[in-house]
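A structural walkthrough
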Amino acid sequence: MLALNALGDLSFNDLLYEGLLAAEKELGFDVSYSEVGTDISTYEGYFFDFCAEGYDYVFLRSGFLDLCKKYAADYPDMKFIVYDTTSMDECEADNVYLYATASFESAYLIGMAAAGTSKTGVIGFVGGQENPVINDFLVGYIQGAKAYNPNIKVCSAFIGNYNDTAKALEIATSQIKTYNADVVFAVCGGASLGVFQACYDNNVFAIGCDADQYVVYNKKGEAKLAENIITSCLKKMDSSVLNIMTWISEGKDIFTDTKAVPLGLRDGVVGIADNENYRKFVPEEVRTKIAAAEKDIINGTVKVQTAYKMTQSEIDALVESVTP
Amino acid sequence: MSFSEAIGTFLFSIFRLSTPIIYAALAACITKQTGLLNMAIEGIMLTAALSSVVFSALTQSVVLGVLFGMLAGSLIGGIISYANLIGKTELYLTCIAINLIATGGTTFALYMITGTKGTTFSALPSLEVPNIDIPFIKDIPILGTMLSGHSILTYFAFVCAFLVWLLIYKTRLGLRMRCVGENPNAALSVGISVTRIKTVAYLISGAVGGLGGAFMSMSYVTWFSRDMLAGRGFIGLSANNITAGSPVGATLFSMLFGIADASANVLQITAAGLSYFVKMIPYIITILGMVIMEAIRIRKGLKFKDQVVRKAIAGTANEKDLT
């Protein structure tokens, strides 16, 4: 069973669903899914429904974490996998697996790409809501950008939700026009469309998130907008679902960890989208450096900080250090 | 980019941000004059935004797209007035219900029409309301960047404010609307159908709100996405509330919200903490303004009563003198 927000976002949730289908096809699991929305107050009902229906494995949104802490131990025959938690979360029950995505690692590479492609020395960041998951992207992005160009300036702003495309457009436009940003990173779900439109209108580069937005928009026949999307910060929910199910079918006991397990570049669940636009617009030299940094992060020579382990004032200080 | 150009773009964004709020405020203003609070503007605008995208894609005509947006707004206005005036439902509950229906209903309609639940982008070939460059003015630094190149609907928002003013203060219908708003019983006693006037007000209000919806989906951006209004209708409503139904005041106050929004967008980048404060300002002014307006009104009322009492005393005094 996979519980997700709602299908049709062309990124996060659709990717989860693809992972589920892959698990069915490649590993032979019987699968089903449920759209539970974002209203946490309804989750308790869903949780007990899933328990009553007696699934072996249940993938849950991070909003279910508290319910798992309370009730998971009462259902020893079932295994719960909570996805997209922060890496600081933990759960004592021995049938719960928490999994955090190390978005800061891929965002670091994206920051390098943005700083390397920018001609004005100013890059933008448009986030959805100001929360730990989005901050993790921002923190990685700034660190990467600074690593490439210590004098880089980063404009960062948040919309306050994931739907308001008009506000996304407005914020991106002000970053481009007022602050001269010429690469804008959109981490705002469905509202990213507004950022892409602003980048297209002003002919600057955009960077997408979760799925490879260049491929997604091209598939939809919108080559016009896709043209300005130079790469995307991949968060491959499909491979993470498949990976976890593969481990389970191989008999690996992943449920003994009480702490959340961060999966990152090493596990191949995050990354930087490499497509023809990336090779066309991001200079060769930058791409080589990014590939080297990717290796260094994996073997541990480059340490990137995650927002989950930073205090708010540390994050603020980092953001301020690059404010134009 | 030069400094003057940066200032110009900032001022430009104020107008763009204010436009949907102005339409919402004007729509609220019309019903306010008849004594009704139109809390459903958010839902009206959301429905209109979807409707104009769908019909502009179907008919491939910008004008028809906008018109269908207005019609959809009027339709919702009609539904509210029918439920409220004929069905005698509680107005606020009806409006809240309409807003909730609009949120779910537009997403449902979106899914039925396009098969996606997110946006009509690339699924529907909808059109855009053209932008206009004003000759001569566009070459003036700052002023040109600020005033030229807006959507027709942005310019029309200001025309609309004038038209609403004209409607309320210079026409028979407007007089009747104000009369119904001030004292429905008095209006009834001189043979004005209160129900009819209120219904007409709701229909016009819906159409004006519809223009705002059409601006959102055919001009601001060129697609419909779920929940795209994101509270702009409610902000317009509060802009109207503080000015107590004055179209000019509502427009100016909507601009203030636009200014705060634009400043917050820019400030968020350099001073994140300050941007939240700036966003708060219009709401603080709303509350303060409402208190002040109410105080003025009460004092005016007292003065009026005072005069009546004095006249009455004077009258009796005269009577005494006569006898």
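Just so it is clear, the structure is predicted and the values come from calculations on it, not from any experiment. (Residues numbered from 1 in each chain as written. Chains lettered and ligands numbered in written order. Predicted model: local features only at pLDDT ≥ 70, side-chain atom pairs only at ≥ 80, totals over all residues. Heavy atoms only, no water.)

Bringing the packing of aromatic side chains into the picture now. Residues and elements named next belong to chain A. Following the criterion strictly, the structure yields 26 aromatic pairs over all chains and no others. Arranged with centres 4.9 Å apart and planes meeting at 50 degrees, the rings of F205 and F281 form a pair that is tilted. In this pair, F205 sits in strand β9 (residues 205-210) while F281 sits in helix α11 (residues 276-281), placing the two residues 76 residues apart along the sequence. Take F205: its relative accessible area is 17%, and that puts it in the buried class. An aromatic cluster of three or more residues is present, and its members are F125, F137, Y141, F158 and F185. The residue whose ring lies beneath K79 is F255, and the NZ or CZ to ring-centre distance is 5.3 Å. Sitting above the plane of the W247 ring, K252 keeps its charged end 4.4 Å from the centroid. (Phe/Tyr/Trp six-rings, centres within 6.5 Å; stacked < 30°, edge-to-face > 60°. Helix = DSSP H or I, 4+ residues; strand = E, 2+ residues; numbered from the N terminus. Buried < 20%, exposed > 50% of the residue type's maximum accessible area, 1.4 Å probe, protein only. Lys NZ or Arg CZ within 6 Å of the ring centre and 35° of its normal.)

Right, let's talk about the environment of A73 of chain A for a bit. All names here are of chain A. Within the secondary structure, A73 sits in the loop between α3 (65-71) and β4 (79-83). You can call A73 exposed: its relative accessible area is 55%. As a C-alpha pair, A73 and E92 span 19 residues in sequence and 8.9 Å in three-dimensional space. Residue contacts for A73: discarding those within four places in its chain leaves A93 and N95. (Contact = heavy atoms within 4.5 Å.)

Moving on, we come to the sheet that holds strand β12 (residues 270-272) of chain A. Residue and element names in this part refer to chain A. With mixed pairing, the six strands of this open sheet are ordered in space as β7-β6-β8-β9-β10-β12. Either end of the sheet is taken by a strand with one partner, and the two such strands are β7 (153-158) and β12. Averaged over all pairs of adjacent strands, the angle between their axes in this sheet comes to 15 degrees, without regard to strand direction. Sheet topology note: the strand β8 (residues 183-187)/β9 ladder contains three bridges and is parallel. Across the sheet, residue V184 finds its bridge partner in β9, namely A206. (Pairing = 2+ DSSP bridges. Axes fitted to C-alpha atoms, helices over the stretch in contact; angles between N-to-C directions.)

Counting from both sides, the interface comprises 33 residues of chain A and, opposite them, 28 residues of chain B. Of the roughly 2700 Å² buried at the junction of chain A and chain B (both faces included), carbon and sulfur atoms supply 54%. By the criterion of area lost to chain B, the three top residues of chain A are E170, K177 and Y179 of chain A, representing 20% of everything that side buries. The interface formed by chain A and chain B contains two salt bridges. (Buried area = accessible area lost by both parts, 1.4 Å probe. Salt bridge = Lys/Arg side-chain N within 4 Å of Asp/Glu carboxyl O.)

Let's shift gears to the domain arrangement of chain A. Residue and element names in this part refer to chain A. Splitting chain A by domain gives domain 1 (2-102 + 237-266) and domain 2 (103-235 + 269-322). One C-alpha centre belongs to domain 1, the other to domain 2; they are set 27 Å apart. Taken together, the contacts link 19 residues of domain 1 with 23 residues of domain 2. For domain 1, the biggest contributors to the area lost against domain 2 are L10, A102 and L265; these three give 39% of the whole. Between domain 1 and domain 2 we count one salt bridge in total. We note a salt bridge from D84 to K235, for which the minimum N-O separation is 3.1 Å. Inspection of the region where domain 1 meets domain 2 yields seven residue pairs in polar contact (both at pLDDT 80 or more). Among the elements that take part in the side of domain 1 that touches domain 2, helix α10 (residues 237-249) stands out by supplying four residues, more than any other. (Domains from an automatic or database assignment. Polar contact = N/O pair within 3.5 Å; in protein donor to acceptor, adjacent residues only side chain to side chain.)

Glancing now at the packing of helix α6 (residues 165-177) of chain A against helix α7 (residues 192-201) of chain A. Residues and elements named next belong to chain A. One can describe the packing of α6 onto α7 by two numbers: an axis separation of 7 Å at closest approach and a directional angle of 40 degrees. Here α6 is positioned oblique relative to α7, judged by the angle of their axes. Handedness of the crossing formed by α6 with α7: right-handed. Contacts from T165, A168, L169, A172, T173 and I176 in α6 reach L193, G194, V195, Q197, A198, C199 and D201 in α7. Tallied by class, residues from the contact of α6 with α7 come to eight nonpolar, four polar and one charged. (Parallel < 35°, antiparallel > 145°, perpendicular 65-115°, else oblique. Left-handed = near helix turned anticlockwise from the far one by under 90°. Nonpolar A, V, L, I, M, F, W, Y, C, P; charged D, E, K, R; others polar.)

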